[in-house]
Amino acid sequence: MLNAFHKFEHLSTIYKNKIEEAEDARTRKAMEELDALYDKFKLLYAELERCTKAYEIKKKSTRSIINSNIRKMNPVVQKKSNLSR
């Protein structure tokens, strides 16, 4: 998109009279808005990556705690099942 805009800028300097000022202004304004949205996208994407990493770390930690507790409870469950026979 940026390459297309640079090409537009280059051609508009060569053929100044071919593009109306209003059309040129609309194109430039749209490009500014697009740049602002892209910057916002980059910030949100970086935040999403941070959240994803934090989620994965927390998930592993929680899974480890659960598995540890299951290992501790297994002998108790086995004892109870053996006694009930």
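The rules we used
- For every chain, the first residue of its written sequence is number 1, and the numbers climb from 1 along that sequence.
- Selection of residues for local features in this predicted model requires a pLDDT of at least 70, selection of side-chain atom pairs for listing and counting requires 80 or more, and totals for whole chains, interfaces and linings are taken over all residues.
- Water and hydrogen atoms play no part in the side-chain values, which are based on all heavy atoms of the structure.
- The helix count covers DSSP runs of H or I at least four residues long, the strand count covers runs of E at least two residues long, and both are numbered beginning at the N terminus.
- Burial classes: relative accessible area under 20% of the type maximum marks a residue as buried, over 50% as exposed, and values in between as partly exposed (1.4 Å probe, protein chains only).
- Each accessible area is a Shrake-Rupley result for a 1.4 Å probe, and residues are judged covered by the shown protein chains and nothing else.
- By salt bridge we mean one thing: a side-chain nitrogen of Lys or Arg within 4 Å of a carboxyl oxygen of Asp or Glu.
- Ring geometry is summarised as follows: Phe, Tyr and Trp rings, the Trp one being its six-membered ring, pair when their centres sit within 6.5 Å, and such pairs are stacked at plane angles under 30 degrees, edge-to-face over 60 and tilted between the two.
- Residues enter patches when they are more than 30% accessible in relative terms and free of salt bridges; like-charged ones are connected within 9 Å and nonpolar ones (Val, Leu, Ile, Met, Phe, Trp, Tyr) within 5 Å.
- Helix span, as expected, comes to 1.5 Å for every residue beyond the first.
- One fitted axis covers the seven residues ending at a residue, a second covers the seven starting there, and the bend at that residue is the angle between these axes.

Novice: What am I meant to see in the overall build of the protein chain here?
Specialist: Assigned secondary structure in the protein chain consists of 2 helices and 0 strands. Every one of the 85 residues in the protein chain was classed for burial, and the buried ones make up 6%. Roughly 8200 Å² of accessible area belongs to the protein chain as shown, and the carbon and sulfur atoms make up 59% of that amount.

Novice: Whenever I open this one, the pattern of salt bridges confuses me. Can you help?
Specialist: Side-chain pairs of opposite charge can arise where the charged atoms are in close proximity. Tallied over the entire structure, the rule returns 3 salt bridges. The partner of Glu47 in a salt bridge is Arg50, and the shortest N-O contact between them spans 2.6 Å. Of this pair, Glu47 and Arg50 are both found in helix H2 (residues 21–83), 3 residues apart, which corresponds to roughly one turn of the helix. What makes Glu47 partly exposed here is its relative accessible area of 37%. Between Glu56 and Lys59 there is a salt bridge, and its shortest N-O distance comes to 3.4 Å. On the criterion of helical spacing, the pair formed by Glu56 and Lys59 is a turn pair, its members being 3 residues apart in helix H2.

Novice: Help me out: how do you make sense of the packing of aromatic side chains in this one?
Specialist: Any aromatic ring pair is given by two values, namely how distant the centres are and how the planes are angled relative to each other. Tallying each qualifying case throughout the model produces 2 aromatic pairs. Ring plane angle 25° and centroid distance 5.9 Å describe the contact between Phe41 and Tyr45, whose orientation is recorded as stacked. Taken together, the positions of Phe41 and Tyr45, both in helix H2 and 4 residues apart, correspond to about one turn of that helix. Note on Tyr45: relative accessible area 43%, which makes it partly exposed. A connected cluster of aromatic rings, assembled from ring pairs, spans Tyr38, Phe41 and Tyr45.

Novice: Please explain a nonpolar patch on the surface as it appears in this structure.
Specialist: Together, Tyr38, Phe41, Tyr45 and Leu48 make up an exposed nonpolar region whose accessible area comes to about 450 Å². Given a relative accessible area of 48%, Phe41 falls into the partly exposed group.

Novice: What is the right way to look at H2 in this model?
Specialist: Because an α-helix packs 3.6 residues into every turn, residues spaced three or four apart end up facing the same way. With 63 residues, H2 should cover 93 Å at 1.5 Å per step; its first-to-last C-alpha distance of 90 Å lies within 8% of that length. By the largest-angle criterion, Met73 marks the main kink of H2, which is about 30°, and a proline, Pro75, follows within four residues.

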